[in-house]
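Structural description and commentary
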Amino acid sequence: MDSKMPVIDGIGKLMITEKPKELPEREKWSKKIDFLLSVIGFAVDLGNVWRFPYICYKNGGGAFLIPYVIMLIFGGLPLFYMELALGQFQRCGCLTVWKRICPALKGIGLAIVVIATYVSWYYNTIIAWAVFYFFSAMASDVPWKSCNNSWNSIDKCVVYEGRGAVQNTNDTKTATEEFFEYQVLGLNYADALEDVGGVNWILALCLFGVFIIVYFAMWRGVKSSGKAVWITATMPYAVLIILLVRGCMLSGSWKGIMYYLTPDWNKLLETRIWIAAAAQIFFSLGPGFGVLLALSSYNKLDNNCYRDALLTSTINCITSFLAGFVVFSVLGHMSHMSGKTVDNVARDDVGLIFIVYPEALSSLELSPFWAILFFFMLITLGLDTTFGGLEAITTGILDEWPHLRKHRKLFVLGLMCYCVLGSLPTITYGGIYVVQLLDVFGAPISIIFVVFLESVAVSWIYGVERFSNDIQSMLGFRPGIFWRICWTTISPLFLFTLFIMSLAQPMPPQYGTYDFPTWSYTLGWFIVSSSLLCIPGYAIYLFFVTPGSMAERLRSMVVPTEVPNHSDDVVIPVQL
């Protein structure tokens, strides 16, 4: 194809654009299934098995499912579809896309990068914990089953009463708790958040291993990560089904399942359950993180992103629901064995997965086998989400500075090193406190506001009719009235209300009985504001660097400066 080609701009003026030969071509998915598995792998993550069950448990079991489904229908799913369609049509990442929507809001892309950075700092540490458990289970028996280990306290360690020991009290810890807190985390070497101690080098090795896998899955772009997800996105389903069958065979499992399915209607009057449901939907489905934008930007123009959105979001929520059955069947068994009620049998923080489930696994025959299977599932769930999260950063930056594409391998290596350095506080002996702080303030609050602004920008500034025309040019049909109403009214209203509620009644970080110091809340709100301030900050910067009168500046800040050309990856500048 000739490097020079005539095009017609938005005002009917003939222009000649030349494709820069020195810039490498953008990649494309080798197969449609690679894209679907990558989206499913990103959406179906540790949040489904690690975060969803303990958030559900913390917010009344079955009661949580009602706001969760409502948030899915009117918030998560419409925005999931919107971001897939936006990325596929505009064919660029979270930074460059705003030149084609509203240049003044490019700060949204910067905020997404900051949020993705915070998530990468602690999310991969959770995978590293699973790696630690995975290798620890490769023994004749799981090491957290007894109190006869070097890390156990002499007079305070007890074996879970379901296996015949005395009841756990405030002065004692179960063998499973001591394994997680003393052997995995090293909490006995840290006093509190203000004194996290040194780096836990065993965890550091696990974390380095995680990033090495991520690097080699990402270094060649979607062609390599698209192949990696064939394993990481499919393996968890086989493991979940096996564990569900085994869990339902446990005595008393029905008690946990009934608690999971029976709503406590009074819980629906609590504000926090709605905030938690919204945060879980957006944290799990992933609109606003830039990942869906990045992954769909490598699609063919005529790919049916509408069907993809329905399919992948449904699979994601079914997976969360399935994981809930797996976890609550075990909680029912523990309730049956201990004599406690289901809502009191376990803790409602990260320990629900890393303490409660290993405890249950240790009571099964062939416990090392079940433990290896379970933690391998957690590792694969975490890895493909990490692929997506870091690909959002990579795509956003490489699209903004295309000359870096030919140095992708070096760029991804630098990104891995940056993430490892940022993760160091989370792999200290008191790193669990840092993880919980980042989990509360790193993404859930700010991502709600980011998605709110994104929906307003696309629906009201770019225009829902214009966006619908873009979708029609790709798919051959316009979005239905339900989607257009959600994009323009329902979703933004939900998101803004939830953002205000989350500011008024924030969910405090929690780990066991530890009380986070007052200054940590100040640090937490600094983390929240550090991403959100990118939005007004960039708008102010753009105002001052844009030439012209005030009216001309404001106009140029909201009018797209370029449009995509889908025939040859040519960016067409718009003449104002």
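Before reading further, recall that the structure is shown in the block above.
Quick notes on unusual backbone geometry
One non-glycine residue, Arg-91, lies in the positive phi region at around 55°. Tracing the backbone shows Arg-91 in the loop between α3 (62-90) and α4 (106-136).

A few points about the packing of α3 against helix α17 (residues 444-475)
Remark: α3 packs on α17, axes separated minimally by 10 Å, with the N-to-C direction vectors making an angle of 60°. In this view, α3 runs oblique relative to α17, as classed from their interaxial angle. Crossing of α3 against α17: the hand is left-handed. Contact with α3, carried on its side by Leu-79, Tyr-81, Met-82, Glu-83, Ala-85, Leu-86, Gln-88, Phe-89 and Gln-90, involves Val-451, Glu-454, Ser-455, Val-458, Tyr-462, Phe-467, Asp-470, Ile-471, Ser-473, Met-474 and Leu-475 of α17 and no other residues of that element. Here the residues of the contact of α3 with α17 sort into 13 nonpolar, four polar and three charged.

Considering a nonpolar patch on the surface
Among the surface-exposed residues, Val-69, Ile-73, Ile-481, Phe-482 and Ile-485 lie close enough to one another that they form a single nonpolar patch of about 400 Å² accessible area. Among the elements of the structure, α3 and α18 (481-504) are those that each provide at least two residues to the nonpolar patch. Top element by residues in the nonpolar patch is α18. It accounts for three residues. As for its placement among the helices and strands, Ile-485 is situated in helix α18.

So, the pattern of salt bridges
Within this structure, the stated rule accounts for seven salt bridges. Of the charged contacts in the structure, one is a salt bridge between Lys-106 and Glu-400, with a shortest N-O distance of 2.3 Å. Taken together, the residues span a long stretch of sequence, with Lys-106 in helix α4 and Glu-400 in helix α14 (residues 367-400) at a distance of 294 residues. As a salt-bridge pair, Asp-141 and Lys-145 come within 3.5 Å of each other at their nearest N and O atoms. When its relative accessible area of 31% is taken as the criterion, Asp-141 is described as partly exposed. Counted as one network, the salt bridges with shared partners bring together Lys-99, Lys-106 and Glu-400.

Let's talk about helix α12 (residues 305-338)
Along its 34 residues, α12 runs 49 Å from first to last C-alpha, staying within 8% of the 50 Å computed at 1.5 Å per residue. Extensive coverage of α12 is indicated by the burial of 24 of its 34 residues. Just past α12, the residue Gly-339 takes up positive phi, approximately 85°.

Considering the packing of aromatic side chains
Within the structure shown, the criterion is met by 46 aromatic pairs. When the centroid spacing of 4.8 Å and the interplanar angle of 15° are considered together, the rings of Tyr-260 and Phe-328 count as stacked. Placement of Tyr-260 in helix α9 (residues 253-261) and of Phe-328 in helix α12 is noted, with a sequence separation of 68 residues between them. For Phe-328, a relative accessible area of 0% gives the class buried. Joined through ring pairs, the aromatic side chains of Trp-129, Phe-132, Tyr-133, Trp-144, Trp-151, Phe-179, Phe-180, Phe-354, Phe-374 and Phe-375 make up one cluster. For the cation-ring pair, Arg-553 lies above Phe-543, with the distance from its terminal atom to the ring centre recorded as 5.1 Å.

About the criteria used
Residues numbered from 1 in each chain as written. Predicted model: local features only at pLDDT ≥ 70, side-chain atom pairs only at ≥ 80, totals over all residues. Heavy atoms only, no water. Helix = DSSP H or I, 4+ residues; strand = E, 2+ residues; numbered from the N terminus. Axes fitted to C-alpha atoms, helices over the stretch in contact; angles between N-to-C directions. Parallel < 35°, antiparallel > 145°, perpendicular 65-115°, else oblique. Left-handed = near helix turned anticlockwise from the far one by under 90°. Contact = heavy atoms within 4.5 Å. Nonpolar A, V, L, I, M, F, W, Y, C, P; charged D, E, K, R; others polar. Patch = residues over 30% accessible without salt bridge, like charges linked within 9 Å, V, L, I, M, F, W, Y side chains within 5 Å. Areas by Shrake-Rupley, 256 points an atom, 1.4 Å probe, with all protein chains shown as cover. Salt bridge = Lys/Arg side-chain N within 4 Å of Asp/Glu carboxyl O. Buried < 20%, exposed > 50% of the residue type's maximum accessible area, 1.4 Å probe, protein only. Expected span 1.5 Å × (residues − 1). Phe/Tyr/Trp six-rings, centres within 6.5 Å; stacked < 30°, edge-to-face > 60°. Lys NZ or Arg CZ within 6 Å of the ring centre and 35° of its normal.

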